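Structure assessment
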Amino acid sequence: MQSLWMLVASFLFSIMGVCVKLAGDHYTTAEIVLCRGIVGVSFIYGLISIKGGTLKTPYPRDHIIRGGVGVISLWLWFYSFSLLPVATATTLNYMSSIWIAAMLFGVAWWQGKKRFEWGLAGTVLLSFIGVALLLRPSINPDELFGGVIALFSGVLSALVYLQVRKLGLLGEPEYRVVFYFSFTGLLAGIAGSIATGRVPFWHAHSLKGVALILTIGLTATIAQIAMTRAYRLGNTLVTANLQYTGIVFASIWGMLIWKDAPGWLGFAGIAIILMSGIVSTFYNQRSQQPSKNLPAIDPIATEV
């Protein structure tokens, strides 16, 4: 049931998304990424100072891969918003869960393992159908480049989640994984500001803008910790499926703040996503009961 940490992460990420949308009137994307990194690094460092721990890691290469690929995926997703409708960009990026299922199947086939969790993979596909009904994406011929960008960001996101899972299986604590990702984001934000020729935060500020950007950093950091715990302790496919609840939370915020009602197709999509998440959770719980004394088969433990 540790995969349910993904529900916490999805809820916090949805709050972060709302704040990112509202903060766009006050700050550039580079400044938002930079502040997210600063808050994350400061929060984790303060947590270590209070509760103890160390930032020394025996797996620097894995952290570099996780941080570098994660930041590239984030930037590509943000960039796709300027090329595509929000619904289309979000849907293509959220194909990451489908890519995770495909990658796990590929690794299992390569290792010659006959066992693959087709039932859980089916619930991931079902949730994606719900996402498509909720967001109803569309793409025009002149938006194909943006579509490729958003699709590629989803592939990179899948690699990131599997890398997070690998770090967890290697014994890396959540705070260390999140710290190095936040630090990478901090560097990326500085680089982005330099590329645009602007000094970050060197402009007028408002109380609303500061509150929004700090909330982005805080919710993103806590959500990253919850997501890392979910992928470390929970079933990979169940966790990937529960990630879709983030779109449900975002839709609820849209109705409450912007009065953006999704229509009957949208509500049907929400119902499918929620039903799929419940089914995958209970399916995984039941499948684990007969074999709880047997070692779990996890193909990414050594291959990803």
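Further up the page is the structure itself.
Treat the numbers as computed from the prediction; the structure is a model and nothing was measured. (Residues numbered from 1 in each chain as written. Predicted model: local features only at pLDDT ≥ 70, side-chain atom pairs only at ≥ 80, totals over all residues. Heavy atoms only, no water.)

1. Overview of the pattern of salt bridges
Scanning the model with the defined rule gives four salt bridges in all. The residue R232 makes a salt bridge to E174 at a minimum N-O spacing of 2.8 Å. Pair noted here: R232 is in helix α9 (residues 207-233) and E174 is in helix α8 (residues 174-195), with a separation of 58 residues, a long-range link. Residue classification places E174 among the buried residues on the basis of a relative accessible area of 8%. Ionic contacts of the salt-bridge type, sharing partners, join the residues E174, R229 and R232 into one network. (Salt bridge = Lys/Arg side-chain N within 4 Å of Asp/Glu carboxyl O. Helix = DSSP H or I, 4+ residues; strand = E, 2+ residues; numbered from the N terminus. Buried < 20%, exposed > 50% of the residue type's maximum accessible area, 1.4 Å probe, protein only.)

2. Observations regarding the packing of helix α2 (residues 29-51) against α8
α8 packs onto α2 with a crossing angle of 150° between their chain directions and a minimal axis gap of 7 Å. Overall, the two elements α2 and α8 adopt an arrangement that is roughly antiparallel. Judged by the sense of rotation from one axis to the other, the crossing of α2 with α8 is left-handed. The residues of α8 that touch α2, namely those facing A30, V33, L34, R36, G37, I38, G40, V41, I44 and I48, are Y175, V178, F179, F181, S182, F183, G185, L186, G189, I190, G192 and S193. Each residue belonging to the contact of α2 with α8 can be placed in one class, and the counts come to 14 nonpolar, seven polar and one charged. (Axes fitted to C-alpha atoms, helices over the stretch in contact; angles between N-to-C directions. Parallel < 35°, antiparallel > 145°, perpendicular 65-115°, else oblique. Left-handed = near helix turned anticlockwise from the far one by under 90°. Contact = heavy atoms within 4.5 Å. Nonpolar A, V, L, I, M, F, W, Y, C, P; charged D, E, K, R; others polar.)

3. Observations concerning the packing of aromatic side chains
In the structure shown here, the tally under the stated rule is eight aromatic pairs. Centroid distance F11 to F249: 5.4 Å. Interplanar angle 75°. Geometry classified as edge-to-face. One end of the pair, F11, is in helix α1 (residues 5-23); the other, F249, is in helix α11 (residues 245-258), with 238 residues separating them in the sequence. Overall, the relative accessible area of 24% leaves F249 in the partly exposed class. Residues F11 and W253 carry aromatic rings whose centres are separated by 6.3 Å and whose planes lie at 35° to one another, so their mutual orientation is tilted. Remark: W253 occurs in helix α11 and F11 occurs in helix α1; sequence separation between them is 242 residues. Taken together through their ring pairs, the aromatic side chains of F11, F249 and W253 make up a single cluster. Of note, K21 hangs over the ring of W258, and the distance from its end group to the ring centre comes to 5.6 Å. Here the guanidinium or amino end of R66 rests over the ring plane of F181, the centre of that ring lying 4.0 Å away. (Phe/Tyr/Trp six-rings, centres within 6.5 Å; stacked < 30°, edge-to-face > 60°. Lys NZ or Arg CZ within 6 Å of the ring centre and 35° of its normal.)

4. A short note on the environment of T239
Structurally, T239 is set in helix α10 (residues 236-242). Take T239: its relative accessible area is 0%, and that puts it in the buried class. With near-sequence residues (within four places) excluded, T239 lies in contact with S3, M6, A230, Y231 and G234.

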